[in-house]
Amino acid sequence: MSNEQAKNPHLDGAEDIIIIDQLNKWYGDFHVLKNIDLTVKKSERIVICGPSGSGKSTLIRCINRLEEFQRGSLIVDGVEMIDDIKNIEAIRREVGMVFQHFNLFPHLTILENLTLGPIWVQKKPKAEAEATAMKYLERVKIPEQALKFPGQLSGGQQQRVAIARSLCMSPKVMLFDEPTSALDPEMIKEVLDVMVELAEEEGMTMLCVTHEMGFAKKVADRVIFMDAGEIVEQNTPHEFFDNPQVDRTQKFLEQILDH
Ligand SMILES: Nc1ncnc2c1ncn2[C@@H]1O[C@H](COP(=O)(O)OP(=O)(O)OP(=O)(O)O)[C@@H](O)[C@H]1O
């Protein structure tokens, strides 16, 4: 396995924000994650790819504790993930997640979707939460949609709302689980553009499960290839795409780059 750590200058001297050590997870008898070791630096941008069912979603869902795991350790910003509700809450505050299907509350306006967490979880005053929400709606370029309901927005706009909603909680890490795979082709770019800005202008630490290899080439410090519950290969995008070391990676790249 190639283990070359990203060598981008913006990561020089950066501290480790996620440390995963020998993480193993089973669904019943099915060993879904096998001996995962992964250290992520602050401001690092990681793209995770691999065949369907290889465990990509499960891995990032473990990071913010949407899934439990049976063996190994996982530390996020110095907080170890053990079965302790206070730790889970701390992790959820630090780690935002954007899903394939947006997961907005349909009966709440966009503004209410964005302020719900800050008001109820972070106990922020309503006016402050709304000001922050508007700031992030402007950042994702849809402030005029604030008083509409999710069903009145396009898929691309809803996904940008979901990204803004995560940002309202001031996360230190953002996890993206196939954020563009439910979108029509013409909407994919508008969401990827927001993610690129987030990486380049905010220096956000990002782990993104995606098959958007153009995004990986443009933004990622490191691309990780998973297969059958293992990290099979990881490298800088340049090396990963131009010089894959492992047979399984080569076959995967041939398949997806054919499309
Ligand atoms: N709740 C569950 N119970 C049992 N098996 C599950 C559960 N969730 C996922 N799995 C299985 O675990 C494996 C990994 O799933 P996961 O969603 O992490 O893969 P993935 O690489 O993200 O796939 P995809 O690209 O299709 O989303 C799959 O075989 C899946 O069927």
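- Looking at an unreviewed UniProt entry, one finds the protein chain named ABC transporter ATP-binding protein and attributed to Leucothrix arctica.
- Turning to the protein chain, the UniProt annotation filed under Subcellular location (unreviewed entry) states: "Cell inner membrane".
- What UniProt states about the protein chain under its Sequence similarities (unreviewed entry) heading is, verbatim, "Belongs to the ABC transporter superfamily."

**Focus: the confidence of the model for the protein chain**
- The predicted model of the protein chain has a mean per-residue pLDDT of 91, with 94% of residues at 70 or higher.
- What the predictor reports for the complex is a pTM of 0.92 with an ipTM of 0.96.

**Some thoughts on the site of the ligand**
- With respect to spatial proximity, the complete set of residues near the ligand consists of Tyr27, Phe30, Val32, Pro51, Ser52, Gly53, Ser54, Gly55, Lys56, Ser57, Thr58 and Glu178.
- Here an oxygen atom of the ligand sits 3.0 Å away from a polar atom, N or O, in the main chain of Gly55.
- Here Lys56 contributes a side-chain N or O atom positioned 2.8 Å from an oxygen atom of the ligand.
- In isolation the ligand has 630 Å² of accessible area, and contact with the protein removes 58% of it.
- For the shell around the ligand, the secondary structure elements donating two or more residues are β2 (30-41) and α1 (56-63).
- Here the shell around the ligand takes three residues from α1, the largest share from any one element.
- Its residues placed into classes, the shell around the ligand shows four nonpolar, six polar and two charged.

**Describing the packing of helix α4 (residues 126-139) against helix α5 (residues 155-168)**
- Direction vectors running N to C along α4 and α5 enclose 135°, while the axes themselves pass 9 Å from each other. As summarised for this structure, α4 and α5 are arranged oblique, according to the angle between their axes. Between α4 and α5 the crossing geometry is right-handed. The residues of α5 that touch α4, namely those facing Thr132, Ala133, Tyr136 and Leu137, are Val161, Ala164, Leu167 and Cys168.
- Taken together, the residues of the contact of α4 with α5 break down into seven nonpolar, one polar and no charged.

Analysis parameters
Residues numbered from 1 in each chain as written. Predicted model: local features only at pLDDT ≥ 70, side-chain atom pairs only at ≥ 80, totals over all residues. Heavy atoms only, no water. UniProt positions renumbered as here; feature names shortened; annotations may be inferred. pLDDT = per-residue confidence, 0-100. Near = heavy atom within 4 Å. Polar contact = N/O pair within 3.5 Å; in protein donor to acceptor, adjacent residues only side chain to side chain. Areas by Shrake-Rupley, 256 points an atom, 1.4 Å probe, with all protein chains shown as cover. Helix = DSSP H or I, 4+ residues; strand = E, 2+ residues; numbered from the N terminus. Nonpolar A, V, L, I, M, F, W, Y, C, P; charged D, E, K, R; others polar. Axes fitted to C-alpha atoms, helices over the stretch in contact; angles between N-to-C directions. Parallel < 35°, antiparallel > 145°, perpendicular 65-115°, else oblique. Left-handed = near helix turned anticlockwise from the far one by under 90°. Contact = heavy atoms within 4.5 Å.

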